[in-house]
Amino acid sequence: MKTITFSDVLIKTSESLENNFKSCISRNEALINEMVEHLNLLYYWSEKLSDVNCVPVLREVNYDLLSSIYISANGMYRNAFICLRSALELGLSFFYFVDNNFKYLQWKKNDFDMKWSLLQDHEDGVLSKKYMKLFKNNFKEEIFIEEVQDVYRSCSEYVHGKYEYMHTLHNQQILFDQRKFEEFAKTFLKVAKLITVYMVIRFSDKQSDFIQDKLVTTFDIAKVYFQGEIA
């Protein structure tokens, strides 16, 4: 009887993931293209903000989002949601560091820990009405803040490994699940759009030299959170 080695297990798992990936791509081409379009928009923003000291944080957000697509396409949905929460938290951290360079320098030296409670602090956080009103007066802050908190809470259910969100509870194998992928894609698009809206709030001056399609896409995403025209 042949002994099954760890290498055999890895090869079999790799074959299974490859089959998941092929199934996902063949059934969700339009949905994947939509996610990639929003990811490319954030890449475009990061290029426009290349002179900002803390832009490496934004680039890591892009990496997390790209990783989440790949991981989810392989059928590893819980891990994909973990990447999404990281992208959202780092996304808000980027805006915090833009206006708190000293904290960014401390963070780089591992002398400062970013916390979600700090990001949503009513007085000093970037997820607050006071912060947003510094840049936009016709912005629907309450709706936006609630949506950010809701999507963060949803992703956190997977991060903390709550019973109903465990992968092995429903299946011991890593299998493609269309319903779970669609749920992931919906959350991905929400995270990407919320970060893009934050770009409009904080860096409206950077949009003056946007190419037309990027400008139109950005405004289409952001306009639902504004009362009247976007300045």
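Definitions and cut-offs
- Residues numbered from 1 in each chain as written.
- Predicted model: local features only at pLDDT ≥ 70, side-chain atom pairs only at ≥ 80, totals over all residues.
- Heavy atoms only, no water.
- Salt bridge = Lys/Arg side-chain N within 4 Å of Asp/Glu carboxyl O.
- Helix = DSSP H or I, 4+ residues; strand = E, 2+ residues; numbered from the N terminus.
- Buried < 20%, exposed > 50% of the residue type's maximum accessible area, 1.4 Å probe, protein only.
- Core = buried A, V, L, I, M, F, W, Y, C linked by side-chain atoms within 4.5 Å.
- Contact = heavy atoms within 4.5 Å.
- Expected span 1.5 Å × (residues − 1).
- Polar contact = N/O pair within 3.5 Å; in protein donor to acceptor, adjacent residues only side chain to side chain.
- pLDDT = per-residue confidence, 0-100.
- Axes fitted to C-alpha atoms, helices over the stretch in contact; angles between N-to-C directions.
- Parallel < 35°, antiparallel > 145°, perpendicular 65-115°, else oblique.
- Left-handed = near helix turned anticlockwise from the far one by under 90°.
- Phe/Tyr/Trp six-rings, centres within 6.5 Å; stacked < 30°, edge-to-face > 60°.
- Lys NZ or Arg CZ within 6 Å of the ring centre and 35° of its normal.

**Some remarks on the pattern of salt bridges**
A complete count under the given rule lists 11 salt bridges for this structure. Aspartate 209 is the partner of lysine 48 in a salt bridge, and the nearest nitrogen-oxygen pair spans 3.4 Å. Here aspartate 209 lies in the loop between α9 (178-202) and α10 (212-222) and lysine 48 lies in helix α2 (residues 29-48), a separation of 161 residues in the sequence. Judged by its relative accessible area of 24%, lysine 48 is partly exposed. We classify aspartate 209 as partly exposed; its relative accessible area is 46%.

**What about the nonpolar core?**
Phe94 and Phe188 are the most contacted members of the largest nonpolar core, which has 70 residues in total. Mapped by element, the contributors of at least two residues to this core are α2, α3 (55-73), α4 (77-98), α6 (116-119), α7 (129-133), α8 (141-159), α9 and α10. Ranked by residue count, the leading element in this core is α9, at 14 residues. Not counting residues up to four positions away in its chain, the partners in contact with phenylalanine 94 are Leu49, Val52, Cys54, Val55, Val57, Leu58, Met199 and Phe203.

**What about α9?**
Counted at 1.5 Å a residue, the expected span for α9 with its 25 residues is 36 Å, and the 36 Å between its end C-alpha atoms agrees. Counting buried residues in α9 gives 19 out of 25 residues, a clear majority hidden from the surface. A side-chain oxygen of the first residue of α9 lies 3.0 Å from the backbone nitrogen of arginine 179; this N-cap is aspartate 177.

**Points about the environment of threonine 218**
Within the fold, threonine 218 resides in helix α10. What makes threonine 218 buried here is its relative accessible area of 0%. As a C-alpha pair, threonine 218 and tyrosine 104 span 114 residues in sequence and 27 Å in three-dimensional space. Contacts of threonine 218, omitting those with residues within four sequence positions, involve Leu41, Trp45, Thr196, Val200, Gln207 and Phe210.

**Brief notes about the environment of arginine 78**
Position of arginine 78 relative to the elements: it lies in helix α4. Classification of arginine 78 as partly exposed rests on a relative accessible area of 27%. Distance from arginine 78 to cysteine 24, taken between C-alpha atoms, is 16 Å for residues 54 residues apart in sequence.

**Quick look at the confidence of the model for the protein chain**
Looking at the protein chain, pLDDT values average 90 and 90% of them are 70 or higher. Low confidence marks residues 165-169, where pLDDT is under 50. Its contacts with residues over four positions away, or in another chain, come to 10 contacts.

**Here's the deal with the packing of α2 against α9**
Where α2 contacts α9, the axes come no closer than 10 Å and their chain directions differ by 25 degrees. One finds that α2 runs roughly parallel with respect to α9. Read as a crossing pair, α2 and α9 show a hand that is left-handed. Between α2 and α9, the contacting residues are Leu31, Ile32, Glu34, Met35, His38, Leu39, Leu41, Leu42 and Trp45 on the first element and Phe181, Glu182, Phe184, Ala185, Phe188, Leu189, Ala192, Lys193, Ile195, Thr196, Met199 and Val200 on the second.

**Things to note about the packing of aromatic side chains**
Per the counting criterion, the structure on display carries 24 aromatic pairs. Centroid distance phenylalanine 95 to phenylalanine 203: 6.3 Å. Interplanar angle 35 degrees. Geometry classified as tilted. Here phenylalanine 95, found in helix α4, pairs with phenylalanine 203, found in the loop between α9 and α10; they are 108 residues apart in sequence, far enough to count as distant. Here phenylalanine 95 matches phenylalanine 203 in class, with each residue buried. Relative to phenylalanine 144, the ring of phenylalanine 139 lies with its centre 5.3 Å away and its plane at 65 degrees, an arrangement referred to as edge-to-face. For phenylalanine 139, a relative accessible area of 2% puts it in the buried group. With relative accessibility at 0%, the residue phenylalanine 144 sits in the buried group. What links up through ring pairs into an aromatic cluster is the set Phe94, Phe95, Phe139, Phe144, Tyr198, Phe203, Tyr225 and Phe226. Here the basic side chain of arginine 202 rests over the ring of phenylalanine 203, its NZ or CZ set 5.2 Å away from the ring centre.

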